[in-house]
Amino acid sequence: MENERVIVHVDMDAFFASVEQRDNPEYRGKPVVVGADPKGGHGRGVAATCSYEARQYGIHSAMPISQAFRLCPNAVFLRGRMDVYEDVSREIFRILEQFTPDVEPVGIDEAFLDVTRTARLFGDKRALAEKLQKRIEEQTGLTASLGLGPNKLIAKIASDMKKPRGLVIVEPHEVEAFLRPLPVEKLWGVGKKTAAVLHELGVRTIGDLAGTDSGEMIRRFGKHGECMWELAHGRDESQVEVSWVVKSVGNEHTFEHDTDSPKLVEATLMQLSESVAHRLRQAGLRGRTVTVKIRFENFTTLTRSETVERLLDSAPEIFEIATSNLERVRMKDHKVRLVGVSVSGLEEPGGQRQTLLFESSHEDRERERKRRLLAQAIDRIKERYGENALRQGTSLLGPEPPETPERRAKPER
Ligand code: TTP
Ligand code: MG
């Protein structure tokens, strides 16, 4: 068992809402919903998250804000303060890095840590986890839930088992028993569609899946079937990845009201191109591929990409390519709900190596590495929650008018 890995998954409890309760004592113990403006039940956005008190009313993340309002009209509805959450997130990541250099940000409030080599510095793995949990609470005034296990899958599932302020440690010999009763949907890669097929086969729990014939799973689902079967046995080799390269920079905007005005769409694309170009230049990046995205009122979504020879970082160029590609899309029958622009195929002008080796001090590089790591963490959550996070992002920026696009960098997979 000497090669056993020790992986921790950390996830903050009701993150945005907890920050609000921490900073506004009058909200403590009350249902707090962070997200779009409910507008007396007519708001169009969704809830980003809510406090555990609000969850008792059935409110949850990504629920339409109008529905949240119906469930609990007396809740405290807040639009949120993204800049504060990002600061707190940075603070949390600084704490995590005191426990191991191998930290993989997954979201703004979530990370994997490989503590295989550092656990003994804290006594043992339990001592490390307890200390980490305590330090987060003492330094930030916020609670975290932790899961610890021999791989990322187990750690991730474990951190969710006893929220809030949970700490669940799964020993290697307990893995199969731990997974057995859980619904198959808890496994990575088992979405609604796969789950429906599995249910038809009589497979409802992870234990059911582990008990199937692997050959049968491979026949039905191919490589994916094999992966699921391995995961169902608690085998997950994926590594904690500390990579920090941003692969694309993008930005999208959901209209407050679906629109059929080509002028408004165009003006919005211009704004989006400007903010994307601005971000590229700030990060010293340029890219060759422009992708434009459009979503109609019926939620049909189209994307068009074009790759050009030259490296781009200016708004007019990005805008021109985006709009010329959008012209290929027929807009006539449906109103437009959302548009987006992103630039990928990125290259750092002057070359990354030069900057890293000759132009910056160790501290600069370290600061830059952390900045990117965090930017990536924040971007990943937006990537994962897609349009919802963006809608919230728009409103979360507080005083900004609703038609102002939210910045968004989108890492590629
Ligand atoms: P989560 O960790 O999924 O949720 P949470 O921390 O609020 O609650 P839990 O205790 O269950 O972990 O997401 C972290 C933050 O990301 C959350 O506070 C708000 C934001 N978020 C969105 O903006 N949109 C979403 O759909 C989700 C799920 C989260
Ligand atoms: Mg969380």
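Overview of the structure. Treat the numbers as computed from the prediction; the structure is a model and nothing was measured.

### Examining empty space enclosed by the protein
No. 1: With the rule as written, the count across this model stands at one cavity of 30 Å³ or more.
No. 2: Within this model, the largest cavity holds a volume of roughly 30 Å³.
No. 3: What lines the largest cavity is Val10, Met12, Ile92, Phe93, Leu96, Asp109, Glu110 and Ala111.
No. 4: Sorting the residues of the lining of the largest cavity by element identifies strand 1 (7–12), helix 4 (82–96) and strand 6 (110–114) as the ones contributing at least two each.
No. 5: Its residues placed into classes, the lining of the largest cavity shows six nonpolar, no polar and two charged.

### Concerning the nonpolar core
No. 1: Judged by nonpolar contacts, the single largest core of 37 residues is most densely connected at Val10, Phe15, Leu96, Leu113 and Leu132.
No. 2: Elements with a contribution of two residues or more to this core: strand 1, helix 1 (15–23), strand 2 (32–35), strand 4 (76–78), helix 4, strand 6, helix 5 (125–140) and strand 7 (144–149).
No. 3: Counting residues per element, this core draws most heavily on helix 4, which supplies seven residues.
No. 4: Those residues in contact with Leu132, other than ones at most four positions away along the chain, are Val10, Ile95, Leu96, Phe99, Leu113 and Leu146.

### Digging into the side chain of Asp13
No. 1: Looking at the element boundaries, Asp13 is found in the loop between strand 1 and helix 1.
No. 2: A distance of 2.7 Å separates polar atoms of two side chains, one belonging to Asp13 and the other to Thr143.
No. 3: Residues in contact with Asp13, not counting those within four places in the same chain, are Ser18, Tyr52, Thr143, Ala144, Ser145, Lys163, Pro164 and Arg165.

### A look at the coordination of the magnesium ion (ligand 2)
No. 1: Listed as protein donors to the magnesium ion (ligand 2) are Asp11 (OD), Met12 (O) and Asp109 (OD); their distances from the metal cover 2.0 to 2.2 Å.
No. 2: Its six donor atoms give the magnesium ion (ligand 2) angles of 83 to 178 degrees at the centre, a pattern that matches the octahedral case.
No. 3: Mapped onto the sequence, the residues coordinating the magnesium ion (ligand 2) show the spacing D-M-x96-D. Pair noted here: Met12 is in strand 1 and Asp109 is in the loop between strand 5 (103–107) and strand 6, with a separation of 97 residues, a long-range link. Here Met12 and Asp109 have matching classes, each one buried.

Thresholds applied
- Residues numbered from 1 in each chain as written.
- Chains lettered and ligands numbered in written order.
- Predicted model: local features only at pLDDT ≥ 70, side-chain atom pairs only at ≥ 80, totals over all residues.
- Heavy atoms only, no water.
- 1 Å grid on protein atoms, 1.4 Å probe; cavity = no way out; pocket = protein on both sides within 12 Å on 5 of 7 lines; lining within 4 Å.
- Points joined across faces, edges and corners; volume = space filled by probe spheres on them.
- Helix = DSSP H or I, 4+ residues; strand = E, 2+ residues; numbered from the N terminus.
- Nonpolar A, V, L, I, M, F, W, Y, C, P; charged D, E, K, R; others polar.
- Core = buried A, V, L, I, M, F, W, Y, C linked by side-chain atoms within 4.5 Å.
- Buried < 20%, exposed > 50% of the residue type's maximum accessible area, 1.4 Å probe, protein only.
- Contact = heavy atoms within 4.5 Å.
- Polar contact = N/O pair within 3.5 Å; in protein donor to acceptor, adjacent residues only side chain to side chain.
- Donors = N, O, S within 2.8 Å, 3.2 Å for Na, K, Ca; no water.
- Tetrahedral: all angles 85-135°; square planar, octahedral: opposite > 155°, others 65-115°.

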